[in-house]
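Geometric and topological summary
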Amino acid sequence: MIDRDIFEELFVLEMANNHWGRLDRGLKIVNTFAQVVRFNNVRAAIKLQFRDVDTFVHRDYVRRTDVRYIKKTLATRMSKGDFATLVKAIRKASCMPIATPFDEKSVDLCCELGIPILKIASSDLNDWLLLEKIARTKRPVIVSTGGSSVKDLDDLVTFFHNRGIPMAINHCVSIYPSEDRELELNQIDYLRARYPSHTIGFSTHECSDWTSSMLIAYAKGARIFERHIDIDGDSTAVSPYCSRPEQADAWFKAFHKVKEMCGAPGTQKRIPPAKEIQYLDSLVRGVYARCDLPEGHILHDEDVYLAIPLLRGQISCRELMRGEVLLHALNKDEPIRIDDIDSPYANIPSLRKLIYSRGLPEAAASGALALVGSTSWIPAAEPVHRDLLPAASQ
């Protein structure tokens with residue numbers, strides 16, 4: 001069984017464009033977002049992008065500044081020492097360092113720096129030379145699915161599964177930035193159904209909301225969440241698909257809110273809280289004598305009726321069985337208590353404790369019972385809240 005716990009409820013904060021190649025800016029991003037992470041008590045990783053620029057861009061094209069991707073790659077390059085400094089800072093800030101290696105030499109750098117989880121970009125889902133290199137590290141991987149085909153994903157899942165490598169799958173739309181109408185959050189349902197043994201996540205580049213998609217994605221079962229991050233404060237403009245610290249703060253708070261609202265895992269029955277049990281117990285009907293009943297009488301359906309309120313020690317509709325023997329004589333409209341019957345369950349300590357801990361205390365019910373007895377009132381079947389008396393007795 002592949003361990004999925006490493007991915008559960010993990011936030012991946014990607015440093016957009018490698019902080020434009022500036023170590024000082026990168027360190028400021030790390031420290032700023034680490035404070036937001038600690039304040040919100042979430043489990044977070046800060047992700048870097050590794051490229052061996054000298055081989056990643058063909059030497060005949062390094063001067064092609066009209067090609068945006070080439071220009072940005074060259075402008076954001078950093079030295080191995082700078083990356084080592086950033087990784088150390090990320091760990092010191094109590095976050096996990098993660099990296100996306102875009103070439104084989106960068107995979108080696110991940111290993112050299114001790115990066116524990118590798119990210120596979122959407123563009124590299126079928127770059128098998130790179131995937132083979134990543135697999136040889138035996139490190140867990142997270143893959144984004146932007147623009148992929150079903151065959152691409154199936155092949156990738158099979159590839160890493162056969163090698164026993166933990167893999168999480170992020171639903172992702174590779175549109176920068178993404179509008180709400182482009183998020184396709186139902187794909188989380190699809191991925192969970194198709195790859196049930198894998199953790200499914202949500203990698204987003206949306207630009208207008210930091211709450212709604214979190215609520216929806218978590219409720220649908222996403223358990224990894226990824227966004228690009230950046231800061232204001234200098235001449236470098238923040239890209240519209242990046243989240244500032246205050247926006248990440250709203251994102252984390254939405255996560256805590258949706259966890260609170262969703263409650264227990266969908267894989268198990270929830271445990272009702274005591275106040276819910278008490279409320280429902282107050283709506284349960286108690287068993288009352290329909291007529292005078294002698295000691296030793298064997299109870300039949302026509303001997304009793306059900307009504308609220310349920311009293312302490314009184315058996316309810318849940319415990320009533322045909323054939324109980326009365327240990328004491330009872331008057332008409334008297335409650336039938338657990339101590340009044342000879343029954344297989346009457347001597348079960350846990351059941352007796354439950355029956356004596358629920359319902360109205362005797363003193364609170366005495367006035368109501370006196371009125372019930374004087375009018376021979378038998379209630380309708382519709383339940384009423386425990387704090388309300390029957391209409392005939394008010």
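Overview of the structure. (Residues numbered from 1 in each chain as written. Predicted model: local features only at pLDDT ≥ 70, side-chain atom pairs only at ≥ 80, totals over all residues. Heavy atoms only, no water.)

Some remarks on the overall build of the protein chain
Assigned secondary structure in the protein chain consists of 13 helices and 13 strands. For 394 residues, the compact-globule formula gives about 21 Å, and the C-alpha radius of gyration of the protein chain, at 33 Å, lies well above that figure. When the backbone C-alpha atoms are referred to their principal axes, the protein chain occupies close to 105 × 45 × 40 Å. Looking at the protein chain alone, contacts between residues at least 24 apart form 70% of all its contacts between residues at least 6 apart. Here the protein chain carries 51 positive and 52 negative side-chain charges, and the mean point of each set is 7 Å from the other. (Helix = DSSP H or I, 4+ residues; strand = E, 2+ residues; numbered from the N terminus. Rg over C-alpha atoms; globule rule 2.2 N^0.38 Å. Contact = heavy atoms within 4.5 Å. Lys, Arg positive; Asp, Glu negative; His and termini not counted. Charge placed at Lys NZ, Arg CZ, Asp CG, Glu CD.)

A closer look at the pattern of salt bridges
Here the structure, examined in full by the defined rule, presents 18 salt bridges. Lys47 serves as the salt-bridge partner of Glu226, at 3.8 Å between the closest nitrogen and oxygen. Of this pair, Glu226 sits in strand E8 (residues 224–229) while Lys47 sits in strand E2 (residues 43–50), and the two are 179 residues apart along the sequence. Each member of the pair, Glu226 as well as Lys47, carries the same accessibility label: buried. If you follow the salt bridges from partner to partner, you end up with Glu14, Lys47, Lys119 and Glu226 in one network. (Salt bridge = Lys/Arg side-chain N within 4 Å of Asp/Glu carboxyl O. Buried < 20%, exposed > 50% of the residue type's maximum accessible area, 1.4 Å probe, protein only.)

Some details on the pairing of strand E5 (residues 141–144)
Both faces of E5 are covered, namely the face carrying Val141 and Val143 and the face carrying Ile142 and Ser144. Note that strand E4 (residues 117–120) and E5 share three bridges and pair parallel. Following the sheet pairing, Lys119 is matched in E5 by Ile142. In this fold, E4 hands off to helix H6 (residues 128–136), which returns the chain to E5; that crossover is right-handed. Across four bridges, E5 lies against strand E6 (residues 167–172) in parallel orientation. From the neighbouring strand, Ile142 faces E6, where its bridge partner is Ala168. Taken together, E5, helix H7 (residues 150–162) and E6 form a β-α-β motif whose crossover is right-handed. (Pairing = 2+ DSSP bridges. Right-handed = clockwise from strand over helix to strand, strands pointing away.)

Section: the packing of aromatic side chains
Taken as a whole and judged by the stated rule, the model has twelve aromatic pairs. Here the aromatic rings of Phe159 and Phe160 are separated by 5.0 Å at their centres, their planes lie at 85°, and the arrangement is edge-to-face. Classification of Phe160 as buried rests on a relative accessible area of 0%. Relative to Tyr241, the ring of Tyr176 has its centre 5.2 Å away and its plane inclined at 80°; by these criteria the two rings are edge-to-face. Placement of Tyr176 in the loop between E6 and helix H8 (187–194) and of Tyr241 in the loop between E8 and strand E9 (242–243) is noted, with a sequence separation of 65 residues between them. On the accessibility criterion, Tyr176 (44% relative accessible area) is partly exposed. Judged by relative accessible area, Tyr241 falls into the buried class, the value being 9%. An aromatic cluster of three or more residues is present, and its members are Phe11, Tyr218, Phe225, Trp251, Phe252 and Phe255. If you follow Arg223 out to its NZ or CZ, it ends over the ring of Tyr218, 3.7 Å from the centre. (Phe/Tyr/Trp six-rings, centres within 6.5 Å; stacked < 30°, edge-to-face > 60°. Lys NZ or Arg CZ within 6 Å of the ring centre and 35° of its normal.)

Observations concerning the environment of Ala168
Counting through the fold element by element, Ala168 comes out in strand E6. The class for Ala168 is buried, based on a relative accessible area of 0%. A C-alpha to C-alpha distance of 37 Å links Ala168 and Glu276, two positions 108 residues apart in sequence. Among residues more than four places away in sequence, those in contact with Ala168 are Phe7, Val141, Ile142, Val143, Thr199 and Ile224.

What about the pairing of E6?
Most of E6 is tucked away, with six of its six residues classed as buried. Strand direction decides the pairing type here: E6 and strand E7 (residues 200–203), joined by four bridges, are parallel. Opposite Ile169, over in E7, you have Ile200 as the bridge partner. A crossover links E6 with its parallel partner E7, the connecting element being H8, and its sense is right-handed.

All quantities given are derived from atomic positions and should not be read as evidence of function.
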